[in-house]
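Commentary on secondary and tertiary structure
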Amino acid sequence: MRWGDMDAYGHINNVQIVRILEEARIAAFGPPRGAGLPGIEPPVPLFSEIPEGTLALVVEHKIRYVRTLEYRNVPAPVQLWIGAVKGASFDIHYLLQDPLTREDCVRATSHLAFVEEATGRVLRLTPEQKVKLAQFTPAHTGSGHPAP
């Protein structure tokens, strides 16, 4: 959280929440190929391993603001896990919590698809991508909770 992320009500603005979710998604799955300079490998190099000319695009966001997230000068934890994996798309789920109380503040889902840059055509997920994604679903972890 940044000081400038607060709105006139003193809590983190809803637009900044979407940015926090994006930062968590990129930290977990890597930046898209060609974006920025090299850094450390993400825990799950999903986006950084897509073929040249492929875009990872958000199709839809669903965000449920459970309680306001007040500014604190410490990072807010975001848990991520994979939900539905379909033929050509998948869901990333998020749980954003207050960094001190660990109360749930935001529950969200991003629906993503890979798209061929040259044609705009949605690409089917490869068997390898499906296996990689399946490792981070609650069904695979057996807990019903987010995968670590």
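Reading the values: rules and limits
- Residues numbered from 1 in each chain as written.
- Predicted model: local features only at pLDDT ≥ 70, side-chain atom pairs only at ≥ 80, totals over all residues.
- Heavy atoms only, no water.
- Helix = DSSP H or I, 4+ residues; strand = E, 2+ residues; numbered from the N terminus.
- Rg over C-alpha atoms; globule rule 2.2 N^0.38 Å.
- Contact = heavy atoms within 4.5 Å.
- Areas by Shrake-Rupley, 256 points an atom, 1.4 Å probe, with all protein chains shown as cover.
- Lys, Arg positive; Asp, Glu negative; His and termini not counted.
- Charge placed at Lys NZ, Arg CZ, Asp CG, Glu CD.
- Expected span 1.5 Å × (residues − 1).
- Buried < 20%, exposed > 50% of the residue type's maximum accessible area, 1.4 Å probe, protein only.
- Polar contact = N/O pair within 3.5 Å; in protein donor to acceptor, adjacent residues only side chain to side chain.
- Phe/Tyr/Trp six-rings, centres within 6.5 Å; stacked < 30°, edge-to-face > 60°.
- Core = buried A, V, L, I, M, F, W, Y, C linked by side-chain atoms within 4.5 Å.
- Salt bridge = Lys/Arg side-chain N within 4 Å of Asp/Glu carboxyl O.

Remarks on the overall build of the chain
Scanning the chain from N- to C-terminus turns up three helices and five strands. Reading the helices (α) and strands (β) of the chain from amino to carboxyl end gives α-β-β-β-β-β-α-α. Against the compact-globule benchmark of 15 Å for 148 residues, the chain has a radius of gyration of 16 Å, which places it among compact chains. In the chain, of all internal contacts separated by at least 6 residues, the share reaching a separation of at least 24 is 55%. Looking at the chain as shown, the accessible area adds up to about 8800 Å², and 55% of this sits on carbon and sulfur atoms. Both charge centroids of the chain, one from 15 positive and one from 16 negative side chains, sit 5 Å from each other.

Considerations on helix α1 (residues 14-29)
Helix length check: α1, at 16 residues, gives a terminal C-alpha distance of 23 Å against a target of 22 Å (1.5 Å per residue), a fit within 8%. Along α1, the positions that sit buried rather than exposed are Q16, I17, I20, L21, A24, R25, A28 and F29. By the N-cap criterion, in which a side-chain oxygen at the helix start approaches the backbone nitrogen of a residue two or three places on, α1 is capped by N13, the distance to V15 being 2.8 Å. Following α1 by one or two positions, G30 adopts a phi angle in the positive range, close to 90°.

Brief notes about the packing of aromatic side chains
This model, assessed by the stated rule, comprises three aromatic pairs. Ring centres 5.9 Å apart and planes at 70° place the aromatic pair F29 and F47 in the edge-to-face group. Taken as a pair, F29 in helix α1 and F47 in the loop between α1 and β1 (54-65) lie far apart in primary sequence, 18 residues in all. One exposure class covers both F29 and F47, and it is buried. Centroid distance F47 to F114: 6.5 Å. Interplanar angle 80°. Geometry classified as edge-to-face. With F47 in the loop between α1 and β1 and F114 in strand β4 (residues 104-116), the pair connects residues that are 67 residues apart, well separated along the chain. Take F47 and F114: they sit in the same class, and that class is buried. Through pairs of rings, three or more aromatic residues link up here, namely F29, F47, F90 and F114.

Thoughts on the nonpolar core
The biggest cluster of nonpolar side chains holds 27 residues, and the ones touching the most others in it are F29, L46, F47, F90, I92 and F114. Mapped by element, the contributors of at least two residues to this core are α1, β2 (78-85), β3 (89-97) and β4. Once residues lying within four places of it in the same chain are set aside, the contact partners of L46 are F29, F90, F114, K132 and L133.

Regarding the pattern of salt bridges
Here the structure, examined in full by the defined rule, presents five salt bridges. For D98, the salt bridge identified is with R72, shortest N-O distance 3.0 Å. Here D98 is found in the loop between β3 and β4, whereas its partner R72 is found in the loop between β1 and β2, with 26 residues between them in sequence. The shortest N-O distance in the salt bridge between R107 and D104 comes to 3.1 Å. The class for D104 is partly exposed, based on a relative accessible area of 22%.

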